[in-house]
Amino acid sequence: MILRFGCLLHFYQKSWRKNKRRLFLTKNRLHETYDHVISEDKRNLLKYHNPLQTGNIDTFQEDFIDQLNEFHSILEEQFVQDQNKRKIKQAIEYIKNNYAKDLNMAVVSNYVSMNYSLFSLSFKEYAGVNFVNFLKEIRIKHAKELLENTDWKIQEIALKVGYENENIFMKIFKNSCGISPTEYRKNSIIKCKSEENE
């Protein structure tokens, strides 16, 4: 993208007056590219100046190069942010498919090739909750489904959703839902029967 504008610098060699039309077109092309490439929240960071208001070619050249450098920096930052978003989406998909395994943030951040601290920050920013709570929510959701639709023992369900220790599972479930897994199952059976009778 930057190379596209690099070729526009050739007009420096010609006289200022002769190139006013070209400057005007260059200004418009640069402005259109800002609008199409730079995200809306970043556009106001660019200090855009009309080249036709510049007194001479040297001042314009300095301003134009500054703008190109600024544009390049914003593009680079936006690329990194987009890349991080893609990695977090990939991580979320991985968690949804592997929640029953022994998962932690180090495992998942390594899976998506992301620095641990950056992963933690980006994950919370993207998902709205931290990694631990996100994983817990996924596991509890699946535990509820198993409690409602199977007659498996609590210990089996705990293992199926990624908790090797039944007591830890029951404690996390109660903290999250306000009732124990056994009570949840009883309530869902009662609810199911009352719906059948209606």
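Everything numeric in this text was worked out from a predicted model, so none of it was measured. (Residues numbered from 1 in each chain as written. Predicted model: local features only at pLDDT ≥ 70, side-chain atom pairs only at ≥ 80, totals over all residues. Heavy atoms only, no water.)

A word on unusual backbone geometry
Here is step 1 of the chain: Even without being a glycine, Ser-113 presents a positive backbone phi close to 55 degrees.
Here is step 2 of the chain: Position of Ser-113 among the secondary structure elements: in the loop between helix 5 (105-111) and helix 6 (116-127).
Here is step 3 of the chain: Using a relative accessible area of 56% as the deciding quantity, one classes Ser-113 as exposed. (Helix = DSSP H or I, 4+ residues; strand = E, 2+ residues; numbered from the N terminus. Buried < 20%, exposed > 50% of the residue type's maximum accessible area, 1.4 Å probe, protein only.)

A few points about the side chain of Asn-84
Here is step 1 of the chain: Looking at where Asn-84 falls in the secondary structure, it is placed in helix 4 (residues 57-98).
Here is step 2 of the chain: Excluding residues within four positions of it along the chain, Asn-84 makes contact with Met-114, Leu-118 and Ser-122. (Contact = heavy atoms within 4.5 Å.)

A look at the environment of Ile-168
Here is step 1 of the chain: Of note, Ile-168 is situated in helix 9 (residues 166-177).
Here is step 2 of the chain: On a C-alpha basis, the gap between Ile-168 and Ala-158 in space is 8.9 Å, while along the polypeptide they are ten residues apart.

Digging into the packing of helix 7 (residues 131-149) against helix 9
Here is step 1 of the chain: It is the contact of helix 7 with helix 9, at a shortest axis distance of 11 Å, that shows an interaxial angle of 95 degrees. One element, helix 7, and the other, helix 9, form an angle in the roughly perpendicular class. Along its contact with helix 7, which presents Lys-136, Ile-140, Ala-143, Lys-144 and Leu-147, the element helix 9 presents Phe-169, Ile-172, Phe-173, Ser-176 and Cys-177.
Here is step 2 of the chain: Classifying every residue of the contact of helix 7 with helix 9 gives seven nonpolar, one polar and two charged. (Axes fitted to C-alpha atoms, helices over the stretch in contact; angles between N-to-C directions. Parallel < 35°, antiparallel > 145°, perpendicular 65-115°, else oblique. Nonpolar A, V, L, I, M, F, W, Y, C, P; charged D, E, K, R; others polar.)

What about the nonpolar core?
Here is step 1 of the chain: With 29 residues, the main nonpolar core has Ile-95, Val-108, Phe-119, Phe-123, Phe-131 and Phe-169 as its most contacted residues.
Here is step 2 of the chain: Mapped onto this core, the elements with two or more residues apiece are helix 4, helix 5, helix 6, helix 7, helix 8 (154-160) and helix 9.
Here is step 3 of the chain: Broken down by element, the residue count for this core peaks at eight residues, all from helix 7. (Core = buried A, V, L, I, M, F, W, Y, C linked by side-chain atoms within 4.5 Å.)

Re helix 6
Here is step 1 of the chain: With twelve residues, helix 6 extends 16 Å from end C-alpha to end C-alpha; this agrees with the ideal 16 Å at 1.5 Å per step.
Here is step 2 of the chain: If you check which residues of helix 6 are buried, you get Phe-119, Ser-122 and Phe-123. Each buried residue of helix 6 lies within a common arc of 105 degrees when the element is viewed along its axis, so the set occupies one face. When the buried face of helix 6 is taken as reference, the exposed residues oriented beyond 90 degrees from it are Ser-117, Leu-121 and Glu-125.
Here is step 3 of the chain: Of the residues that open helix 6, the one with a side-chain oxygen 2.9 Å from the backbone nitrogen of Ser-117 is Asn-115.
Here is step 4 of the chain: Once helix 6 finishes, Gly-128 follows within two positions and takes phi at roughly 85 degrees, a positive value. (Expected span 1.5 Å × (residues − 1). Arc of directions from axis to C-beta. Polar contact = N/O pair within 3.5 Å; in protein donor to acceptor, adjacent residues only side chain to side chain.)

Focus: helix 7
Here is step 1 of the chain: Along its 19 residues, helix 7 runs 27 Å from first to last C-alpha, staying within 8% of the 27 Å computed at 1.5 Å per residue.
Here is step 2 of the chain: When we look at burial in helix 7, the residues that qualify are Phe-131, Phe-134, Leu-135, Ile-138, Arg-139, Ile-140, His-142, Ala-143, Leu-146 and Leu-147.
Here is step 3 of the chain: Among the residues of helix 7, the N-terminal cap falls to Asn-130, whose side-chain oxygen and the backbone nitrogen of Val-132 are separated by 3.3 Å.

Digging into the confidence of the model for the protein chain
Here is step 1 of the chain: Model confidence for the protein chain is summarised by a mean pLDDT of 78, while 61% of its residues fall at 70 or above.
Here is step 2 of the chain: Here residues 1-14 scores under 50 on pLDDT; set against residues more than four positions off or in separate chains, the count is 32 contacts. (pLDDT = per-residue confidence, 0-100.)

Description of the packing of aromatic side chains
Geometry of an aromatic ring pair is reported as the spacing of the ring centres plus the angle between the planes.
Here is step 1 of the chain: Counted by the stated rule, this structure contains eight aromatic pairs.
Here is step 2 of the chain: Residues Phe-169 and Phe-173 carry aromatic rings whose centres are separated by 5.8 Å and whose planes lie at 55 degrees to one another, so their mutual orientation is tilted. One end of the pair is Phe-169 and the other is Phe-173, both in helix 9 and four residues apart, which spans about a single turn. Per residue, the accessibility class of Phe-169 equals that of Phe-173, and both read buried.
Here is step 3 of the chain: Judged by centre distance (5.7 Å) and plane angle (75 degrees), the ring pair of Phe-173 and Tyr-184 falls under edge-to-face. Highlighted residues: Phe-173 in helix 9 and Tyr-184 in helix 10 (residues 181-197), separated in sequence by eleven residues. Considered together, Phe-173 and Tyr-184 belong to a single accessibility category, that of buried residues.
Here is step 4 of the chain: The structure contains a cluster of three or more aromatic residues connected by ring pairs, namely Phe-119, Phe-123, Phe-131 and Phe-134.
Here is step 5 of the chain: Over the ring of Tyr-163 we find Arg-139; its NZ or CZ atom is 5.0 Å from the centre of that ring. (Phe/Tyr/Trp six-rings, centres within 6.5 Å; stacked < 30°, edge-to-face > 60°. Lys NZ or Arg CZ within 6 Å of the ring centre and 35° of its normal.)

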